[in-house]
Amino acid sequence: MTSTPSTRKALRLLAVVAASLVLAACTQDPELTTLGDDLAGPEARQIDNFLQWILWICYAVFAGVLGVTIYAWKNFGIDGDDYEEDDWPEQIHGNDKLEYAWTALPAILLFAIGLFTLTVHNSLNSEDTNPINVVVNGESVSWEPQVVVVGQQWWWEYQYHFGDVDVDQERVQTLPTPDITTATQMVIPVGQEIELEITSRDVIHSHWIPSLNGKRDAVPGRQSAPWKIEADRPGVYFGQCTEFCGLSHSRMRMQVVALEKPEFDAWIEAQMQGVPLDADTAAYVDALVAGDTAAPENSQQRAIATFRGKCASCHLMEGVADDLWSEESVAQKLVAGAAPNLTHFSSRTTFAGGIRNVWDPKTGEFNQNDLAQWLRDPASIKANFTELDERGRLRGMPNLELTTQEVDDLIGLLEITGPKPSPEVIEATGVEAPTEENAQGES
Ligand SMILES: [Cu+2]
C-alpha cells in the first residue's frame, strides 16, 4: 500500500478519534460509573461482567469488519481519480454461502446476547433477601430488608417500614406512616441485600446508584418489580435521577450510605426519636400544642414558633410540629403531596436533592451559608416553577420571605436535629461548592 495523501488524512483522523476515546476515559474519580474496579456490590458487578462480555463480542465484530474492509481495500482498491473501466475487479452478483453466513452469524450472536440478558435480568430481579434483626424502640424485630423509594420533583424519599407491612402494595399513598423517612440519603447495612420498592408521586423518574446496581424507573401509581442493592464495604455511593423529569432534573441526586451493622443499628435508634429538645423547650412545645399562646424565650423557641407557623404544613418535624402536619395539608400545597421530613435533617450530609452540603466537608461545621441561601431564596439554588398548577399547588420549596432573624433561628433549630454523621461520611459525601455559573440556570 502506498501512502497517498488520502490515507495519511484517514490515519490522522483515526489517531484523533482514538486519542479522544482514551482521554475521555481519564476522568478522575468518576462518581457515576458502571464499569471498573470501584463497583461495590454484587449486582453492579454482575452487570459489569455481562457488559464486558458483550463488549468483547463487539470488539470481535468490529475487528472482523475492519479486517475485511482493509483486505478489500488493499487487494481490490484503485488509487487516484483517473482509472480505466478495465481496472475494475471482476464484478460478481449473489453468493449463497456468504449470504447464509451473514444472516446466521448475527442471528446466533443476538440470540446468545438476548439469552444472557434475560438470565442476568432475572437474577437481578429475584426476590430472595434474608431477614435481619434490627432493634426498634428497644425491641429486636426481624426485618425483611426493604426500602420504599419515592421519586418526586426533584428529590428522593426513602421509607423504612419495620412492622408487618406489605410494601409491595400498589400505591405509596396507601402505605402506613413509615417508621423512618429520609430524603436524598438511603442508609443501609453492609453485606446485606436490600430490596427496593421504587415508585413516584408525580412524573416518571429513574433511580440509579451505578456502583451498586442499574437503573429502575419510578412510575407513579406503580411499584417497581423487586430491585436489589447490596454494598460489600462501608462507604458513600452516589446516584442521579436518570429519567428527564422537568426543570430541576439534573439537581435530583442521591446517595447510599453503607454502614457496618452496629452503626446502622445506632442510626435506626436515633431516627426513631423526635428532635432532641431540652425540658423547657419541650414544655414550650406542649403549651403551643395545647393552644396556649406562650411567648418564645430564646432563639430555639422562636424557631419553633416560626416553623409551626410557616413550615409545618409541608414539613414534618417530630416533637416540634407533628400536630400541624398531615398528608392532606401537604397535598393541598404541593403537586407531589410530600416535602422532605426534617425531623433528622442534620443527620444527613446533603440537601436540596444532594446538590449542597449539610455539613462542610472541610471544616465539619454546619453549612449555615448554603442553608441561609436556601431558606431566603430556594430557587437561587434549585430552579423551580414560580407558577402554581391549576389547583394552586407548587413544585419545590417556596420563597417564604423570611426575615434574617427567622432564618438564623431556623438554622439553629435545624442544626440540633441530628445526630451529626461521622466525619468519614461527611467527607465522603462532600459535594463540590457550586460556582456562579452552575448555581443557576443550568439544568
Ligand atoms: Cu427525577
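Residues numbered from 1 in each chain as written. Predicted model: local features only at pLDDT ≥ 70, side-chain atom pairs only at ≥ 80, totals over all residues.

Novice: Please clarify how the overall build of the protein should be interpreted in this entry.
Specialist: Within the protein, the secondary structure is distributed over 11 helices and 14 strands. The C-alpha atoms of the protein give 28 Å as radius of gyration, which overshoots the globular expectation for 443 residues (22 Å, by more than 25%). Principal-axis analysis of the C-alpha atoms places the extent of the protein at approximately 105 × 50 × 45 Å. For the protein, with 443 residues in total, the buried portion stands at 33%. (Helix = DSSP H or I, 4+ residues; strand = E, 2+ residues; numbered from the N terminus. Rg over C-alpha atoms; globule rule 2.2 N^0.38 Å. Buried ≥ 20, exposed ≤ 12 C-beta atoms within 10 Å, placed from the backbone.)

Novice: Would you take a moment to explain the domain arrangement of the protein for this structure?
Specialist: The figure often quoted for interface size is the accessible area lost as the parts come together. Here the domain parsing of the protein yields domain 1 (31-70 + 98-272) and domain 2 (274-434). Computed from C-alpha atoms alone, the centre-to-centre distance between domain 1 and domain 2 is 29 Å. Per-class residue counts for the side of domain 1 that touches domain 2 are 9 nonpolar, 10 polar and 5 charged. (Domains from an automatic or database assignment. Nonpolar A, V, L, I, M, F, W, Y, C, P; charged D, E, K, R; others polar.)

Novice: Teacher, can you tell me more about the pairing of strand β5 (residues 180-183) here?
Specialist: Two faces make up the sheet, and in a regular strand the side chains alternate between them. Every second residue of β5 is oriented toward a common face, with Ile180 and Thr182 on one face and Thr181 and Ala183 on the other, all of them buried. Pairing of strand β4 (residues 155-160) with β5 involves 4 bridges; the strand directions are antiparallel. Across the sheet, Tyr160 pairs through a bridge with Ile180, a residue of β5. (Pairing = 2+ DSSP bridges.)

Novice: Would you explain the sheet that holds β5 in this entry?
Specialist: Sheet architecture is open: 5 strands sit in the order β5-β4-β3-β7-β10, paired in mixed fashion. Bordering the open sheet on either side are β5 and β10 (227-229), each of which pairs with just one other strand. Along the sheet, successive strands turn relative to each other by an average axial angle of 30°, direction set aside. Where strand β3 (residues 146-152) meets strand β7 (residues 194-200), 6 bridges bridge the pair, whose relative direction is parallel. Its bridge partner lying in β7, Val149 is registered against Ile198. (Axes fitted to C-alpha atoms, helices over the stretch in contact; angles between N-to-C directions.)

Novice: Would you take a moment to explain the sheet that holds strand β12 (residues 253-259) for this structure?
Specialist: Either a parallel or an antiparallel arrangement is found when strands of a sheet pair, and the pairing is made through backbone hydrogen bonds. Taken in spatial order, the 3 strands of this open sheet run β6-β12-β11, and their pairing is mixed. Of all strands in the sheet, those with a lone pairing partner are β6 (185-189) and β11 (235-240), marking the two edges. This sheet shows a mean twist of 20° between the axes of neighbouring strands, independent of strand direction. Pairing analysis gives 6 bridges linking β11 to β12, with the strands arranged antiparallel. Opposite Tyr237, over in β12, you have Val256 as the bridge partner. Sheet strands in contact with helix α4 (residues 261-271) are β6 and β12, and its direction is about 130° off that of β6. (Contact = placed C-beta atoms within 7 Å.)

Novice: I would appreciate a short explanation of the pairing of β3 in the present structure.
Specialist: Among the 7 residues that make up β3, 7 are buried, leaving the element largely enclosed by the rest of the structure. The pairing of β3 with β4 spans 6 bridges and is antiparallel. Across the sheet, Val150 pairs through a bridge with Glu157, a residue of β4.

Novice: I'm lost on the nonpolar core in this one. Help?
Specialist: Side chains that are nonpolar tend, in soluble globular proteins, to be buried together. Formed by 81 residues in total, the largest nonpolar core has its most connected members in Val147, Val149, Leu212, Tyr237, Val256 and Phe307. With 5 residues, the single largest contributor to this core is β12. When residues of this core are sorted by domain, at least three fall in each of domain 1 (31-70 + 98-272) and domain 2 (274-434). Once residues within four sequence positions are removed from consideration, Val256 is found in contact with Met186, Ile188, Ile209, Leu212, Ile229, Ala231, Tyr237 and Gly239. (Core = buried A, V, L, I, M, F, W, Y, C linked by C-beta atoms within 7 Å.)

Novice: For this particular structure, what's the right way to read unusual backbone geometry?
Specialist: Keep in mind that most residues, glycine aside, have a negative phi and that most peptide bonds are trans. In this chain, Gln153 is followed by Trp154 through a cis amide linkage whose omega measures 0°. Tracing the sequence through the fold places Trp154 in the loop between β3 and β4. Looking along the chain, the bond that leaves Gly418 and enters Pro419 is cis, with omega of 0°. Here Pro419 lies in the loop between α9 (404-415) and α10 (423-429). Positive phi values are uncommon outside glycine, yet Thr184 reaches one of about 70°. Considering the arrangement of structural elements, one finds Thr184 in the loop between β5 and β6.

Novice: How should α9 be read in this particular structure?
Specialist: An α-helix turns once per 3.6 residues; consequently, residues spaced three or four apart project the same way. Between its terminal C-alpha atoms α9 stretches 17 Å, which fits the 16 Å expected from 12 residues at 1.5 Å a residue. For α9, the secondary structure elements touched by its buried residues are α6 (299-311) and α8 (368-376). (Expected span 1.5 Å × (residues − 1).)

Novice: Would you mind showing me how to read the environment of Ser326 here?
Specialist: Locating Ser326 in the fold gives a position in the loop between α6 and α7 (327-333). The spatial distance from the C-alpha of Ser326 to the C-alpha of Gly138 is 27 Å, given a sequence separation of 188 residues.

Novice: Where do I start with the confidence of the model for the protein in this structure?
Specialist: Any segment with low pLDDT has predicted coordinates that should not be analysed in fine detail. Looking at the protein, pLDDT values average 88 and 94% of them are 70 or higher. Per-residue pLDDT stays below 50 along residues 439-443; that stretch engages in 8 contacts with residues further than four places along the chain or on separate chains. (pLDDT = per-residue confidence, 0-100.)

Novice: Which parts of the structure should I look at to understand the packing of α6 against α9?
Specialist: Relative placement of two packed helices is described by the angle separating their axes and the distance separating the axes. It is the contact of α6 with α9, at a shortest axis distance of 8 Å, that shows an interaxial angle of 100°. With respect to their mutual orientation, α6 and α9 come out roughly perpendicular. Residues Ser299, Gln300, Arg302, Ala303, Ile304, Thr306 and Phe307 of α6 lie in contact with α9, whose contacting residues are Glu406, Asp409, Leu410, Gly412 and Leu413. Of the residues belonging to the contact of α6 with α9, the class tally is 5 nonpolar, 4 polar and 3 charged. (Parallel < 35°, antiparallel > 145°, perpendicular 65-115°, else oblique.)

Novice: Help me out: how do you make sense of the packing of helix α2 (residues 42-76) against helix α3 (residues 96-125) in this one?
Specialist: Taken N-terminus to C-terminus, the directions of α2 and α3 make an angle of 175°; their axes are 10 Å apart at the nearest point. What the angle tells us is that α2 and α3 run roughly antiparallel. Along its contact with α2, which presents Glu43, Gln46, Phe50, Ile54 and Ile57, the element α3 presents Leu109, Ile113, Phe116, Val120, Ser123 and Leu124. Here the contact of α2 with α3 is built from residues that sort into 8 nonpolar, 2 polar and 1 charged.

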